[in-house]
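# Coordinate inspection notes
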Amino acid sequence: MKTGKTLSPAIEQALNQQIKMEALSSSKYLAAAAWCDAHGYSNSAEFLFAQADEERQHMMKIFHYVCDMGGHAISPSIGEVQHKFSSLREIFEYALESEVNVTEAIDEILTLARRENDYPTENFIQWFVTEQIEEEYIVRRAVELFDLMGEDKLALFMIDERIPKISFHDPMKGSEK
Ligand SMILES: [Fe+2]
Ligand SMILES: [Fe+2]
């Protein structure tokens, strides 16, 4: 009797690692949001709270995929994250570095899925490949604002105002917004 394809141990491990990474991302964004909130950068805080929620959704997406594919998804334990930052700029540099690391990890899962001819996982992870384009773009744009506007009090106030307005034109979606 054919029982269908399940995840290989290597893929299952890689996906569980990614579950952990998304949970860590969520926790990092939450800590960054709290710092912004405490320092009066309320728009940045709101943006980062929303990012924290999104990362949790990413985690759950992979979690359900592992379960649906007959694997054993591991509820992640994550350690301490950074709670203190020296500036608003540092927050967004920290976010960008984190997003770049996530992109690299996603790429590695795709490479692994291709090597193992695991077409379902290849297809599944493509969503994250596209998502990372947007995630990196938005935080990179945020970091650029500090070069454009400087970091005096007025500039920081204006940057905080600008953060929610950074929009991404998805190249995969043609001319739609
Ligand atoms: Fe994510
Ligand atoms: Fe992200």
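Scroll up to find the structure.
Cut-offs used in this document
Residues numbered from 1 in each chain as written. Chains lettered and ligands numbered in written order. Predicted model: local features only at pLDDT ≥ 70, side-chain atom pairs only at ≥ 80, totals over all residues. Heavy atoms only, no water. Salt bridge = Lys/Arg side-chain N within 4 Å of Asp/Glu carboxyl O. Helix = DSSP H or I, 4+ residues; strand = E, 2+ residues; numbered from the N terminus. Buried < 20%, exposed > 50% of the residue type's maximum accessible area, 1.4 Å probe, protein only. Donors = N, O, S within 2.8 Å, 3.2 Å for Na, K, Ca; no water. Tetrahedral: all angles 85-135°; square planar, octahedral: opposite > 155°, others 65-115°.

Right, let's get into the pattern of salt bridges. Taken as a whole and assessed by the stated rule, the structure comprises six salt bridges. For Glu136, the salt bridge is made with Arg140, and the minimal N-O distance between the two is 2.9 Å. Separated by four residues within a single helix, Glu136 and Arg140 lie in helix H4 (residues 119-149), roughly one turn from each other. Given the relative accessible area of 14%, Glu136 is considered buried.

Tracing the backbone through its elements, the reader meets Glu93 in helix H3 (residues 88-115). In this structure the C-alpha to C-alpha distance between Glu93 and Arg140, which are 47 residues apart in sequence, comes to 8.0 Å.

Taken together, the protein ligands of the iron ion (ligand 2) are Glu55 (OE), Glu99 (OE), Glu99 (OE) and Glu135 (OE), with distances of 1.8 to 2.5 Å. Angles of 54 to 142 degrees at the metal separate the four donor atoms of the iron ion (ligand 2), which places the site in the irregular class. Read in sequence order, the donor residues coordinating the iron ion (ligand 2) give the pattern E-x43-E-x35-E. A separation of 3.5 Å is found between the iron ion (ligand 2) and the iron ion (ligand 1), which are bridged by Glu55. In this pair, Glu99 is assigned in helix H3 and Glu135 in helix H4, connecting sequence segments 36 residues apart. Neither residue differs from the other here; Glu99 and Glu135 are each classed as buried.

Take it as geometry only, folks, not as evidence of what the structure does.
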